[in-house]
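# Fold and contact review
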Amino acid sequence: MGTPAAFATVFAALFVAHSVGDHWVQTSRQAADKGRPGWPGRLADARHVATLTLTKAVLLALVAGVLGLHLRVLGLVVGFAVDAASHWWADRRSTLAWLAKVTRNSEFHELGTPAHPAAPATAAGGYAPTLGTGAYALDQSWHHLWLLIAALLIAGI
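Residues numbered from 1 in each chain as written. Predicted model: local features only at pLDDT ≥ 70, side-chain atom pairs only at ≥ 80, totals over all residues. Heavy atoms only, no water.

### Section: helix 4 (residues 73-91)
Here is the rule we go by: The way it works is that DSSP assigns letters per residue, a run of H or I at least four long becomes a helix, a run of E at least two long becomes a strand, and they are numbered from the N terminus. Expected helix span is computed as 1.5 Å times (number of residues minus one). Here's how the labels work: a residue is buried when its accessible area is under 20% of the maximum for its type, exposed when over 50%, partly exposed in between, all with a 1.4 Å probe on protein chains only. Any two residues whose heavy atoms approach within 4.5 Å at even a single point are treated as in contact.
Its 19 residues place the ends of helix 4 27 Å apart at the C-alpha level, agreeing with the 27 Å of an ideal helix rising 1.5 Å per residue. Every buried residue of helix 4 is listed here: G75, G79, F80, D83, A84, S86, H87, A90 and D91. Elements in contact with the buried residues of helix 4: helix 1 (4-25), helix 3 (38-67), helix 5 (94-102) and helix 7 (134-156). The first or second residue beyond helix 4 is R93, which carries a positive phi of 70°.

### Structural notes on the layout of surface pockets
To find leftover empty space, a probe the size of one water molecule is rolled over the atoms. Spelled out, the test is: Throughout, the protein atoms alone are placed on a 1 Å grid, and a set of points is a cavity if a 1.4 Å probe fits but cannot get out or a pocket if it is open with protein on both sides within 12 Å along at least five of seven lines; lining residues have an atom within 4 Å of a point. Grid points are joined across faces, edges and corners, and a volume is the space filled by probe spheres set on the points. Gly counts as polar in this scheme, as do all residues outside two lists: the nonpolar Ala, Val, Leu, Ile, Met, Phe, Trp, Tyr, Cys and Pro, and the charged Asp, Glu, Lys and Arg.
Looking at the largest pocket, its volume works out to about 440 Å³. Taken together, 17 residues line the largest pocket, and the ones lying closest to its centre are K34, R93, Y136, D139 and Q140. Per-element tally for the lining of the largest pocket: the top contributor is helix 7, with 5 residues. Along the lines of polarity and charge, the residues of the lining of the largest pocket split into 6 nonpolar, 6 polar and 5 charged.

### Thoughts on the packing of helix 3 against helix 4
The line we're drawing: Each axis is a line fitted through C-alpha atoms, and for a helix only the stretch in contact is used; angles between axes span 0 to 180 degrees, taken between their N-to-C directions. In this scheme the crossing of two helices becomes right-handed for a clockwise turn of the near helix relative to the far one and left-handed for an anticlockwise turn of less than a right angle.
Relative to each other, helix 3 and helix 4 sit at 145°, their axes nearing to 10 Å. Handedness of the crossing formed by helix 3 with helix 4: right-handed. Residues R42, D45, A46, H48, V49, L52, T53, K56, A57 and L60 of helix 3 touch helix 4, and the partners they reach there are L76, F80, D83, A84, H87, W88 and D91. Taken together, the residues of the contact of helix 3 with helix 4 break down into 9 nonpolar, 3 polar and 5 charged.

### Details of the environment of A84
Tracing the backbone shows A84 in helix 4. For the pair A84 and A150, spaced 66 residues apart in sequence, the C-alpha separation works out to 9.4 Å. Each residue touching A84, except ones within four places of it in the same chain, is listed here: V49 and T53.

### Some thoughts on the side chain of T95
This is how it is decided: Any pair of N or O atoms that falls within 3.5 Å is considered a polar contact. Within protein, one atom must be able to donate a hydrogen and the other to accept it, and sequence-neighbouring residues count only if both atoms are side-chain atoms.
Here T95 lies in helix 5. Within the local environment of T95, its side chain forms a polar contact with the backbone oxygen of W89, the two atoms lying 2.3 Å apart. Leaving out residues up to four positions away in the same chain, T95 has contacts with W89 and A90.

### Considering the pattern of salt bridges
Formally: Basic side-chain nitrogens of Lys or Arg form a salt bridge, by our definition, when they fall within 4 Å of a carboxyl oxygen of Asp or Glu.
One pass over the full model with this rule turns up 4 salt bridges. Residue D33 is joined to R36 by a salt bridge in which the shortest nitrogen-to-oxygen separation is 3.9 Å. Across the pair K34 and D91 runs a salt bridge, and its minimum N-O distance is 2.9 Å. On the criterion of sequence distance, the pair formed by K34 in the loop between helix 2 (28-33) and helix 3 and D91 in helix 4 is long-range, its members being 57 residues apart.

### Quick word on helix 7
For helix 7, which comprises 23 residues, the first-to-last C-alpha distance of 33 Å matches the rise-based estimate of 33 Å (1.5 Å per residue) to within 8%. Looking only at helix 7, the buried set comprises G134, L138, D139, Q140, W142, H143, L147, A150, A151, I154 and A155. Turning to helix 7, the residues buried within the fold contact helix 1, helix 3, helix 4, helix 5 and helix 6 (106-110).

### Quick word on the nonpolar core
Note the cut-off: Definition of nonpolar core: a set of buried residues of the types Ala, Val, Leu, Ile, Met, Phe, Trp, Tyr and Cys, connected through side-chain atoms within 4.5 Å.
Ranked by internal contacts, the top residues of the largest apolar core, which has 13 residues, are V10, L14, L60, L69, F80 and I154. Secondary-structure elements contributing two or more residues to this core are helix 1, helix 3 and helix 7. By residue number, the principal contributor to this core is helix 7, which donates 5 residues. If we ignore the near neighbours within four places in the chain, the residues touching F80 are L14, T53, K56, A57, L60 and I154.

What follows is the structure, encoded as structure tokens:
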């Protein structure tokens, strides 16, 4: 059974690695294509999740090595598998849009996009893109939830 300190350490490492992998390691092509329908989107998403999971594994191994944290292989395999599957599912985009719809968060999901009734606009009345959108916020919070679950599995098994 893992300790609270092991859980906190694993979660912190996964959280940072997630941010690095999702924003620095992911290629622009993966980001653009992972939500496409069919196999091109599925494969782009799989490539993204593979590099993301590798980033998490490397950073967690580094942290565990420096701190002398001993983790069980089964916990690592189960935790990384659950995290990767949940990340792949959400990053197909239509799936997270569906979840937003069934949880009555569609309007928030569309916030910051031209689909939202209060879309940001330029002085000329055209769409003014923003970095932050409701879809991005829901995506990241979904990933954070599964990072927590993965950390519990990794530290607790």
